[in-house]
Amino acid sequence: ARRPGLALATLVGLILVAKAVLIAPRTDLFRFTSPPGLALPAEYRSDLPMGPSVRLIGWDLPLSEVRQGGFLHVRLYWQAITPLEEDYTSFVQLIGGPDQREYGASTAMHAGQIPTSSWNTDFYIVDEHTIPIAADTPPVLFTLRVGLSPRNEQSRIGELDLTPRVR
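Not measured: the values here are computed from a predicted model. (Residues numbered from 1 in each chain as written. Predicted model: local features only at pLDDT ≥ 70, side-chain atom pairs only at ≥ 80, totals over all residues. Heavy atoms only, no water.)

**Q** Could you give me a rundown of the sheet that holds strand β7 (residues 142-150), with the residues and numbers involved?
**A** Judged by pairing direction, the sheet is antiparallel, and its 4 strands sit side by side in the order β5-β4-β7-β8 without closing on themselves. On the outer flanks of this sheet lie β5 (101-108) and β8 (158-166), each paired with one strand and no other. Across the sheet, the axes of successive neighbouring strands diverge by a mean angle of 20°, strand direction being ignored. When strand β4 (residues 88-96) meets β5, the two strands line up antiparallel, connected through 7 bridges. Across the sheet, G96 pairs through a bridge with R101, a residue of β5. (Pairing = 2+ DSSP bridges. Helix = DSSP H or I, 4+ residues; strand = E, 2+ residues; numbered from the N terminus. Axes fitted to C-alpha atoms, helices over the stretch in contact; angles between N-to-C directions.)

**Q** Summarise the side chain of S90; cite the residues concerned and give the values.
**A** In this fold, S90 is placed in strand β4. Polar side-chain contacts of S90 include one of 2.6 Å to the side chain of D127. At 3.1 Å, the side chain of S90 forms a polar contact with the side chain of H129. If sequence neighbours within four positions are ignored, S90 has contacts with W78, S106, T107, A108, A111, D127, H129, G147 and L148. (Polar contact = N/O pair within 3.5 Å; in protein donor to acceptor, adjacent residues only side chain to side chain. Contact = heavy atoms within 4.5 Å.)

The structure is reproduced here in structure tokens:
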């Protein structure tokens, strides 16, 4: 009965030693990392200022054409340039038609589910948005407008129109 216990303890010990010797010195061995200021997984990379302290460093737009009654998914990659003292909400708006009105929107109280006042300037934040497309939305080209607003305020610290456009 001792031998199976001894074998298990030896195996666990070997795994711990392998972790300490092989994996710990290279913590990025099983992680995807990006250089500072870049979001390598982003479909569209950018370096666009959003107010004085935040940059939009990329976004994903899986579909450039969406059916009425469907959903448009947008992923934004934000990075704080300096520590932020205030919390901001992020938004994505679908703007279009001859009157350039809003046909759909998504707002996140905390971009990436992390209050902006706790963003680490060494990392980027992945911010997911889903916009429902109403059944009566006209079949035209739309612009995606993204930005940040102080929480509980209508003002914006900045907004950008992204390309490509969405049909």
